[in-house]
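# Descriptive analysis of the structure
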Amino acid sequence: MRRVAAAVVMPRFRALAAHEIVEKSPGEVVTTADREAELRLHEGLMALGLGARIIGEEAASRDPALLDRVGEGLVWLVDPLDGTANFAAGHGPFGMMIALVEDGEPLAGWMLDPQSGRLCHAERGKGAWCDGARVSARASDSARPVAALATQFMGAARRERVHAAARRRFAQVPIPRCAAESYPRLVFGSNDVALFQRILPWDHAPGVLFLTEAGGHATHWNRAPYRVGGEGAGLLVAADARHWEAAAELLLVTGGALIDMETRAA
């Protein structure tokens with residue numbers, strides 16, 4: 001990951017030509033850095049010889065069938081450039097994410113910040129590390145716990161209900177628009193709670209593992225454990241169980257379910 005960041009990603013930061021940024025779906029861009037980085041990471045993972053399938057974000061964008069049975073067997077998940085919109089706009093945060101998943105359960109994950117060189121890593125049952133040092137999740141200790149709610153893919157009415165409910169107890173901050181930054185913020189005491197509606201597997205498998213191995217808490221909106229390829233919708237994640245329970249009471253219970261009922265109706 002570090003080699004690809006140095007050779008492919010950072011040389012293009014703030015140096016992309018107009019034709020190197022294209023819209024791959026409404027409101028979502030991809031750059032030449034995304035595509036080349038994914039090819040290089042694919043080659044590196046193949047060389048490890050684990051026999052795992054490799055599913056990259058850009059490959060899956062071109063061939064959605066790659067995600068069929070993503071929750072079965074041994075799979076590498078690759079997000080070559082998380083936070084592409086930030087990267088294309090010439091600012092951070094952005095990151096690179098890889099997870100090794102077996103039958104839907106993340107076994108190991110890595111999140112690299114190419115700008116700072118920070119590498120967050122976790123292994124199931126063995127803990128979480130940042131730059132080689134063991135880490136434990138800690139809350140922000142703010143008078144009002146800090147929440148970053150990714151509601152941009154919700155309809156306007158639902159989005160307002162979610163934010164109105166959260167305001168009863170939480171101070172809300174802008175999301176970084178980069179999952180590779182969202183999860184470290186929960187572990188390192190910047191944010192206490194985060195909510196996600198869209199949960200593409202490469203965006204969350206490494207982050208959920210990093211958070212939970214550090215002592216944080218993460219579930220789907222129906223409170224089921226996170227599983228790649230599972231049927232659970234959304235994610236509610238927190239630095240610890242106490243903050244997760246407080247957020248769940250507001251967003252998954254008090255609101256009638258503010259989220260649950262609309263999810264079933266969607």
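Given the structure is predicted, the values throughout are model-derived calculations rather than measurements. (Residues numbered from 1 in each chain as written. Predicted model: local features only at pLDDT ≥ 70, side-chain atom pairs only at ≥ 80, totals over all residues. Heavy atoms only, no water.)

### Quick word on the pairing of strand S2 (residues 28–31)
For strand S1 (residues 21–25) and S2, the ladder comprises four bridges, and the chain directions are antiparallel. In the strand pairing of S2, Ile 21 is matched with Thr 31. Turn length for the S1-S2 hairpin, with the two strands adjacent in sequence and antiparallel, is two residues, and the turn residue Gly 27 shows positive phi of about 80°. (Pairing = 2+ DSSP bridges. Helix = DSSP H or I, 4+ residues; strand = E, 2+ residues; numbered from the N terminus.)

### A closer look at the layout of surface pockets
Of the pockets and cavities examined, the largest pocket occupies roughly 630 Å³. Gln 152, Phe 153, Arg 177, Arg 198 and Asp 203 are the residues nearest the centre of the largest pocket, which is lined by 30 residues in total. Every element with two or more residues in the lining of the largest pocket is listed here: S1, S2, helix H3 (57–62), strand S4 (74–82), helix H4 (84–88), helix H6 (179–187) and helix H7 (201–213). The leading source of residues in the lining of the largest pocket is S4, at three residues. Looking at the lining of the largest pocket, its residues break down into 12 nonpolar, eight polar and 10 charged. One number sums up the size of the second largest pocket: a volume of about 370 Å³. Contributing to the lining of the second largest pocket are 13 residues, with Met 1, Arg 3, Val 4, Leu 41 and Gly 44 lying nearest its centre. Going through the elements one at a time, helix H1 (2–9) and helix H2 (32–48) are the ones with two or more residues in the lining of the second largest pocket. Among the elements that line the lining of the second largest pocket, the one with the most residues is H2, at five residues. (1 Å grid on protein atoms, 1.4 Å probe; cavity = no way out; pocket = protein on both sides within 12 Å on 5 of 7 lines; lining within 4 Å. Points joined across faces, edges and corners; volume = space filled by probe spheres on them. Nonpolar A, V, L, I, M, F, W, Y, C, P; charged D, E, K, R; others polar.)

### A few points about the nonpolar core
Residues Leu 77, Tyr 183, Phe 210 and Val 237 are the most contacted members of the largest nonpolar core, which totals 35 residues. Of all the secondary-structure elements, those providing two or more residues to this core are S4, strand S5 (95–102), strand S7 (119–123), strand S8 (127–130), H6, strand S12 (193–196), H7 and strand S14 (235–238). Of all the elements, H7 adds the most residues to this core, at six residues. Sequence-distant contacts of Tyr 183, defined by excluding residues within four places in its chain, comprise Met 111, Phe 196, Asp 203, His 204, Gly 207, Val 208, Leu 211, Leu 235 and Val 237. Core analysis: the second largest hydrophobic core is formed by 21 residues, Val 9, Leu 45, Phe 94 and Met 96 among them. (Core = buried A, V, L, I, M, F, W, Y, C linked by side-chain atoms within 4.5 Å. Buried < 20%, exposed > 50% of the residue type's maximum accessible area, 1.4 Å probe, protein only. Contact = heavy atoms within 4.5 Å.)

### Digging into the sheet that holds strand S13 (residues 217–219)
The pairing of strands in a sheet happens through backbone hydrogen bonds and is either parallel or antiparallel. Taken in spatial order, the five strands make up an open sheet running S11-S10-S12-S14-S13, and their pairing is mixed. A single partner strand is all that each edge strand has here, and the edge strands are strand S11 (171–172) and S13. Summarising the sheet, S13 and S14 pair through three bridges and their orientation is antiparallel. Note on S14: the bridge partner recorded for Ala 218 is Val 237.

### A few points about the pattern of salt bridges
Applying the stated criterion across every chain yields a total of 11 salt bridges. The salt bridge involving Glu 181 is made with Arg 118; its shortest N-O contact spans 3.1 Å. Of the two residues, Glu 181 sits in helix H6 while Arg 118 sits in the loop between strand S6 (105–112) and S7, which places them 63 residues apart along the sequence. Neither Glu 181 nor Arg 118 differs from the other in exposure class; each is buried. Residues joined in a network through salt bridges with shared partners are Lys 24, Glu 57 and Glu 58. (Salt bridge = Lys/Arg side-chain N within 4 Å of Asp/Glu carboxyl O.)

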